[in-house]
Amino acid sequence: MSDDDLTLALELAAAADEVTLRRFRAHDLAVERKPDLTHVTEADRAAEALLRDRLAAARPADAVCGEEFGDTGPARRRWIIDPIDGTANYVRGVPVWATLVALEEDGEVSVGVVSAPALGHTWWAARGRGAFCDGRRIRTSAVTDLADAHLGYAELGAWGRRPGGVDGLLRLAGRCWRSRGFGDFWQHMLVAEGALDVALEPMIAVWDVAAVAVVVTEAGGRFTDLAGEARLDGGDAISSNGHLHQAVLEIVGRR
Ligand code: LIP
């Protein structure tokens, strides 16, 4: 990873913002359902196409993996992009959505940018260089006791479809100080900033978490799947300030 890669990732996210923000809350926004029944809009496709064009010009040897147009194949360096994370929010006019851009090198994410223009914030991190929000250094919280913990979670319906249903989540929420369903990329950025102490995702893909995970870990936190493995393709995720990670896994983790 070079400084140029971080600069490029920030430029790509800013370019996507121009496309997505222009169509946010447009009355004639074209929305479709994908085979998995999730939404895709013209803005998701236009933003990802733009990022792919820019990457083909700037980094022709690198692979690209994106939510809407797939993976261009194995390579030592791979850009992992989600043109709009939180498409369901975008479609309904909720301002919690973001473009996620990550660079993975030799299987490890080295750069992550999370740009949420409707919230007016951009978070980024580069491996070994810390995490930032709008240029300000951010750090995870120092909370060590579950009883003081602020818990974020996503999509109760997906929790209900997991083995054990929502019982584990409710047990955990009952042990924490407070719980709120912030969801999507935002809850993990709140963990990175120290506003939340733990955030849980019952169902995710690699593009939902690649950029997010490096921001959380560079802020001092921990990011794993619900089996406790530091992998991004496990299908679910937990981010935390690190102190509470094991205690949370013992209650809602996959064994
Ligand atoms: C969504 C994620 C969400 C997850 C959904 C979906 P999208 O991303 O933000 O956290 O629960 O399954 O993947 O599809 O809006 O990019």
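Residues numbered from 1 in each chain as written. Predicted model: local features only at pLDDT ≥ 70, side-chain atom pairs only at ≥ 80, totals over all residues. Heavy atoms only, no water.

Q: Lay out the site of the ligand in plain terms, naming residues and giving numbers.
A: Residues in close proximity to the ligand include Glu67, Asp82, Ile84, Asp85, Gly86, Thr87, Asp184, Glu201, Met203 and Asp208, which together make up its full environment. Glutamate 201 is positioned with one of its side-chain polar atoms (N or O) 2.9 Å from an oxygen atom of the ligand. Relative to its unbound accessible surface of 370 Å², the ligand loses 83% to contact with the protein. No other element matches the three residues that strand E5 (residues 77-85) contributes to the shell around the ligand. (Near = heavy atom within 4 Å. Polar contact = N/O pair within 3.5 Å; in protein donor to acceptor, adjacent residues only side chain to side chain. Areas by Shrake-Rupley, 256 points an atom, 1.4 Å probe, with all protein chains shown as cover. Helix = DSSP H or I, 4+ residues; strand = E, 2+ residues; numbered from the N terminus.)

Q: Can you break down the sheet that holds strand E10 (residues 136-138) residue by residue, with the values?
A: Taken together, the eight strands give an open sheet; going across it, the order is E4-E3-E5-E6-E7-E8-E9-E10, and neighbouring strands pair in mixed fashion. Two strands in the sheet have a free side with no partner beyond their single neighbour: strand E4 (70-71) and E10. The sheet contact formed by strand E3 (residues 63-66) and E4 spans two bridges and is antiparallel. The residue of E4 that forms the bridge with cysteine 65 is aspartate 71. Packed onto the sheet, helix H1 (residues 3-23) meets E5, strand E6 (98-105), strand E7 (108-116) and strand E8 (121-126) and runs at close to 30 degrees relative to E7. Its contacts with the sheet place helix H7 (residues 206-218) against E3, E5, E6, E7, E8, strand E9 (131-133) and E10, and it is angled at close to 100 degrees to E7. (Pairing = 2+ DSSP bridges. Contact = heavy atoms within 4.5 Å. Axes fitted to C-alpha atoms, helices over the stretch in contact; angles between N-to-C directions.)

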